[in-house]
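Close look at the chain arrangement
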Amino acid sequence: NEYEALSRFPAVKQDITLKVPADLSYADLHGFIAQELHNQAIKDTTPTLEPIDIYQSDEDKNHKNVTFRLSIASNERTLTDKEVNNLLEGISDKAKQELKAERI
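This write-up is about the structure you can find in this document. If you're wondering where the values come from, they're calculated on a predicted model, not measured in any experiment. (Residues numbered from 1 in each chain as written. Predicted model: local features only at pLDDT ≥ 70, side-chain atom pairs only at ≥ 80, totals over all residues. Heavy atoms only, no water.)

1. Digging into the packing of helix H1 (residues 26–39) against helix H2 (residues 81–99)
Two elements in contact, H1 and H2, have axes whose closest approach is 10 Å; the angle formed by their N-to-C orientations is 130°. The angle between H1 and H2 places the two elements in the oblique class. Crossing of H1 against H2: the hand is right-handed. Of the residues in H2, those touching H1 at Leu29, Phe32, Ile33, Glu36 and Leu37 are Leu87, Ile91, Lys94, Ala95, Glu98 and Leu99. In terms of residue class, the contact of H1 with H2 is built from eight nonpolar, no polar and three charged. (Axes fitted to C-alpha atoms, helices over the stretch in contact; angles between N-to-C directions. Helix = DSSP H or I, 4+ residues; strand = E, 2+ residues; numbered from the N terminus. Parallel < 35°, antiparallel > 145°, perpendicular 65-115°, else oblique. Left-handed = near helix turned anticlockwise from the far one by under 90°. Contact = heavy atoms within 4.5 Å. Nonpolar A, V, L, I, M, F, W, Y, C, P; charged D, E, K, R; others polar.)

2. Looking at the side chain of serine 71
Tracing the backbone through its elements, the reader meets serine 71 in strand E3 (residues 63–74). Look at serine 71 and you get buried, because its relative accessible area is 12%. Residue contacts for serine 71: discarding those within four places in its chain leaves Ala11, Val12, Lys13, Thr46, Pro47 and Thr48. (Buried < 20%, exposed > 50% of the residue type's maximum accessible area, 1.4 Å probe, protein only.)

3. Looking at the sheet that holds E3
One open sheet accounts for four strands, arranged E2-E3-E1-E4; its pairing is antiparallel. Two strands in the sheet have a free side with no partner beyond their single neighbour: strand E2 (45–55) and strand E4 (102–103). Against the sheet, H1 engages strand E1 (12–21), E2 and E3, with an angle of about 30° to E3. Those strands touched by H2 are E1, E3 and E4, and its axis lies near 15° from that of E1. (Pairing = 2+ DSSP bridges.)

4. Digging into the pattern of salt bridges
Per the stated rule, a full pass over the model turns up eight salt bridges. The shortest N-O distance in the salt bridge between glutamate 89 and arginine 103 comes to 2.9 Å. Taken together, the residues glutamate 89 in helix H2 and arginine 103 in strand E4 connect sequence positions 14 residues apart. According to the relative accessible area criterion, arginine 103 is partly exposed, its value standing at 28%. Salt bridges here are not isolated pairs; linked through shared partners, they connect Lys43, Asp44 and Glu76. (Salt bridge = Lys/Arg side-chain N within 4 Å of Asp/Glu carboxyl O.)

5. Description of empty space enclosed by the protein
Summed over all chains, the structure comprises one cavity of 30 Å³ or more. The volume enclosed by the largest cavity comes to roughly 30 Å³. Along the walls of the largest cavity sit Ile16, Ile33, Leu37, Leu49, Leu70, Leu88 and Ile91, which together make up its complete lining. Those elements giving two or more residues to the lining of the largest cavity turn out to be H1 and H2. When the residues that make up the lining of the largest cavity are grouped by side-chain class, the tally is seven nonpolar, no polar and no charged. (1 Å grid on protein atoms, 1.4 Å probe; cavity = no way out; pocket = protein on both sides within 12 Å on 5 of 7 lines; lining within 4 Å. Points joined across faces, edges and corners; volume = space filled by probe spheres on them.)

This is the structure:
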């Protein structure tokens, strides 16, 4: 295991909810988002991704909504909401292409 010092800068926390096909497993979705966080990483940051909610409406059995909370801190500075928004937009765009996910 590699030691990683805690950031002295505050973490920015934002939730992302994706409407995905009902047959997409939570593990596959989480793995995809975690990989995209790595691929599209903001330089020198430490992101964590935690599950918040999975919801499926009685009216739409073909989809479910999955919410994650992203907590991300830089080791060099305080991140802006805009930077984190751009990261989440990039991830949701990729999820739309690859998984037919829709950010809601």
